[in-house]
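# Structure at a glance
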Amino acid sequence: MDSCGFSIYEAITASKELNFKTTLKPDSILTLLETYGFTKPHISKLINKDPSLLLSKPDKTLKPKLEFFNTKGLSGIDLAKFISANPSILKCSLQNKITPSFGMLNNICQADERVIGAVKRCSVLLRIDLNKSMMLNIELLRNVGVPGEKITWFLVSQPRTLTISHVRFTGIVERVKEMGFDPLESTFLHALQGLTARKSTWEAKLNLFRRLGLSEGEIRSAIKKQPMCMRVSEKKIVLVMDYLVNQMGYSALVIAQFPQILTYSLEKRIVPRCCVSQILISRGLVNYQIPLTSLLIMAEKAFVEKFVIKFEKEAPELLTQGTLGRSSHIRRSA
């Protein structure tokens with residue numbers, strides 16, 4: 001409780017797994033962690049997840065791993081966050097698992113910082129046998145024509161998708177090809193990621209789009225335009241469609257023509273911009289329904305210049321709405 005900041009319950013639970021004759025070793029471990037930038041909350045989280053770490057040999061098993069990540073550019077608070085969220089990393093063999101896996105990933109990413117980005121998103125990359133799934137999946141992507149730089153981007157940004165079983169991954173790749181996606185385009189990988197959802201989840205979203213009034217052709221077109229719309233939760237899809245259709249008056253078909261809108265933040269983008277539209281219309285400054293391409297898809301700087309700064313004298317309240325979700329008023333509205 002004193003050293004790790006545990007509650008009474010946490011301390012009792014941890015004590016069932018530990019038996020110290022002296023506090024020399026656990027104290028030295030805590031000191032080591034502090035040396036590498038771990039704060040008390042990080043230490044508490046780490047030890048709470050795996051109390052047995054206090055039985056480790058600090059200089060022989062822990063320090064070399066912490067030092068390894070330090071040399072690769074993961075240090076201080078970033079290292080503390082990563083390790084405290086993934087304590088099992090400290091149980092992996094540095095020589096037989098962490099180092100070779102890191103090297104294998106570096107051969108693809110060509111930069112330590114990219115590898116760090118990938119493992120921060122998916123720490124399992126340093127714990128599994130990469131040859132059994134990930135490397136086979138990457139080779140398959142190469143064989144179907146996905147450019148190397150796009151594979152690197154996919155590994156760094158969506159590493160977990162590449163760790164699914166090779167049999168399942170192969171089936172998904174074939175399905176993406178059948179849908180007409182071009183391996184040379186980024187949409188191929190977006191579709192690949194979208195299809196990794198469970199079949200039941202995928203079907204549930206298709207049924208949701210049908211209930212919203214979209215035809216099979218319109219649904220297929222929307223998915224092809226923006227595969228990531230199938231990664232959005234059903235709850236968010238309903239909220240976005242309800243707001244835009246029932247409160248703003250746009251048709252579901254029009255929204256389906258721009259499916260990337262479903263991936264936007266309701267609080268930070270959709271509602272604030274719609275509030276701007278409502279002010280402009282209520283003040284008579286705009287006498288038409290602003291097209292979704294201008295209202296939601298337009299870049300922030302261009303939107304502010306066209307719909308906020310242009311009318312700031314006639315409607316100064318736009319300046320608070322035009323902060324696009326950063327004002328407390330916008331947050332309350334969302």
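Everything quoted here is computed from the prediction, not taken from an experiment.

Helices and strands together make up the secondary structure of the protein chain, namely 20 helices and zero strands. Burial analysis of the protein chain (334 residues in total) assigns 46% to the buried set. Carbon together with sulfur atoms contributes 52% to the accessible area of the protein chain, which is approximately 17,000 Å² in total.

What follows concerns the pattern of salt bridges. According to the stated counting rule, one finds five salt bridges in the structure shown. For the salt bridge of Asp50 with Lys91, the shortest nitrogen-to-oxygen distance reads 2.9 Å. Here the residue Asp50 occupies a position in the loop between helix H3 (40-49) and helix H4 (58-71), and Lys91 occupies one in the loop between helix H5 (76-85) and helix H6 (94-109), the gap between them amounting to 41 residues. Between Glu216 and Arg210 there is a salt bridge whose closest N-O contact spans 2.6 Å.

With that settled, the discussion passes to the packing of helix H10 (residues 166-178) against helix H11 (residues 186-194). Where H10 meets H11, the closest approach of the two axes is 9 Å, and the angle between their N-to-C directions is 130°. Accordingly, the angle class assigned to the pair H10 and H11 is oblique. Note on packing geometry: the crossing formed by H10 with H11 is right-handed. Every residue of H11 that contacts H10 at Phe169, Ile172, Val173, Val176 and Lys177 is listed here: Phe188, Ala191 and Leu192.

Moving on to unusual backbone geometry. Phi is positive for Gln110, which is not a glycine, with a value near 65°. Relative to the elements of secondary structure, Gln110 occurs in the loop between H6 and helix H7 (112-121).

The next thing to look at is the packing of H3 against H5. Orientation of H3 relative to H5, taken along the N-to-C sense of each, is 20°, at an axis distance of 8 Å. Viewed along their axes, H3 and H5 adopt a mutual orientation that is roughly parallel. The chirality of how H3 crosses H5 is left-handed. Taken together, the residues of H5 that come into contact with H3 (itself represented by His42, Lys45, Leu46 and Lys49) are Ile77, Ala80, Lys81, Ile83, Ser84 and Ala85. Its residues assigned to classes, the contact of H3 with H5 comprises five nonpolar, two polar and three charged.

Okay, the side chain of Asn137 next. Turning to its location among the elements, Asn137 is positioned in helix H8 (residues 134-143). Of the polar contacts made by the side chain of Asn137, one reaches the backbone oxygen of Leu162; its length is 2.9 Å. Polar side-chain contacts of Asn137 include one of 2.9 Å to the side chain of His166. In contact with Asn137, not counting residues within four places along its chain, are Leu162, Thr163, Ile164, Ser165, His166 and Phe169.

Per-chain confidence: the protein chain averages 87 in pLDDT, with 89% of residues scoring 70 or above. Mean pLDDT values for the elements of the protein chain range from 35 in helix H20 (residues 328-333) up to 96 in H8. Note that residues 322-334 has pLDDT below 50 and, in this model, 27 contacts with residues that lie over four places away or in other chains.

Time to look at H10. Between the first and last C-alpha of H10 there are 18 Å, a value that for 13 residues agrees with the 18 Å anticipated at 1.5 Å per step. Those residues of H10 hidden inside the fold are in contact with H8 and H11. The positive-phi residue at the C-terminal boundary of H10 is Gly180, with phi of around 95°.

It is worth spelling out the side chain of Lys65 at this point. If you trace the backbone, Lys65 turns up in helix H4. Despite its burial, Lys65 pairs with no opposite charge; the closest candidate is Asp50, at 10 Å N-O. Polar side-chain contacts of Lys65 include one of 3.5 Å to the backbone oxygen of Thr61.

Core analysis: the largest hydrophobic core is formed by 103 residues, its most contacted members being Phe38, Phe69, Ile83, Leu141, Leu244 and Ile270. With eight residues, helix H16 (residues 266-282) is the single largest residue contributor to this core. What Leu244 contacts, discounting residues up to four positions off in sequence, is Gly249, Tyr250, Ile255, Ile261, Ile270, Cys274 and Leu296.

With that settled, consider the state of the cysteines. Tallied over the full model, the rule gives zero disulfides. Looking at Cys274, it has no disulfide partner, and the nearest cysteine sulfur is the one in Cys275, 7.3 Å off. The exposure class of Cys275 is buried, given its relative accessible area of 11%.

Here we come to the packing of aromatic side chains. Overall, the coordinates contain five aromatic pairs when judged by the stated rule. Centre to centre, the rings of Phe68 and Phe102 are 5.5 Å apart; their planes meet at 90°, and the pair counts as edge-to-face. Within this pair, whereas Phe68 is found in helix H4, its partner Phe102 is found in helix H6, the two being separated by 34 residues in sequence. On the basis of relative accessibility, which here comes to 12%, the residue Phe68 falls in the buried class. Phe102 sits in the buried class, given a relative accessible area of 2%. Measuring from centroid to centroid gives 5.7 Å for Phe69 and Phe82, while their planes differ by 70°, and the two rings are edge-to-face. Linking Phe69 in helix H4 with Phe82 in helix H5, this pair joins segments that are 13 residues apart in sequence. A single burial state applies to Phe69 and to Phe82, both of which are buried. Linked through ring pairs, Phe68, Phe69, Phe82 and Phe102 together constitute an aromatic cluster. The ring centre of Trp202 lies 5.3 Å from the NZ or CZ of Arg175, which sits over that ring.

Rules and cut-offs
- Residues numbered from 1 in each chain as written.
- Predicted model: local features only at pLDDT ≥ 70, side-chain atom pairs only at ≥ 80, totals over all residues.
- Heavy atoms only, no water.
- Helix = DSSP H or I, 4+ residues; strand = E, 2+ residues; numbered from the N terminus.
- Buried < 20%, exposed > 50% of the residue type's maximum accessible area, 1.4 Å probe, protein only.
- Areas by Shrake-Rupley, 256 points an atom, 1.4 Å probe, with all protein chains shown as cover.
- Salt bridge = Lys/Arg side-chain N within 4 Å of Asp/Glu carboxyl O.
- Axes fitted to C-alpha atoms, helices over the stretch in contact; angles between N-to-C directions.
- Parallel < 35°, antiparallel > 145°, perpendicular 65-115°, else oblique.
- Left-handed = near helix turned anticlockwise from the far one by under 90°.
- Contact = heavy atoms within 4.5 Å.
- Nonpolar A, V, L, I, M, F, W, Y, C, P; charged D, E, K, R; others polar.
- Polar contact = N/O pair within 3.5 Å; in protein donor to acceptor, adjacent residues only side chain to side chain.
- pLDDT = per-residue confidence, 0-100.
- Expected span 1.5 Å × (residues − 1).
- Lys, Arg positive; Asp, Glu negative; His and termini not counted.
- Core = buried A, V, L, I, M, F, W, Y, C linked by side-chain atoms within 4.5 Å.
- Disulfide = S-S within 2.5 Å.
- Phe/Tyr/Trp six-rings, centres within 6.5 Å; stacked < 30°, edge-to-face > 60°.
- Lys NZ or Arg CZ within 6 Å of the ring centre and 35° of its normal.

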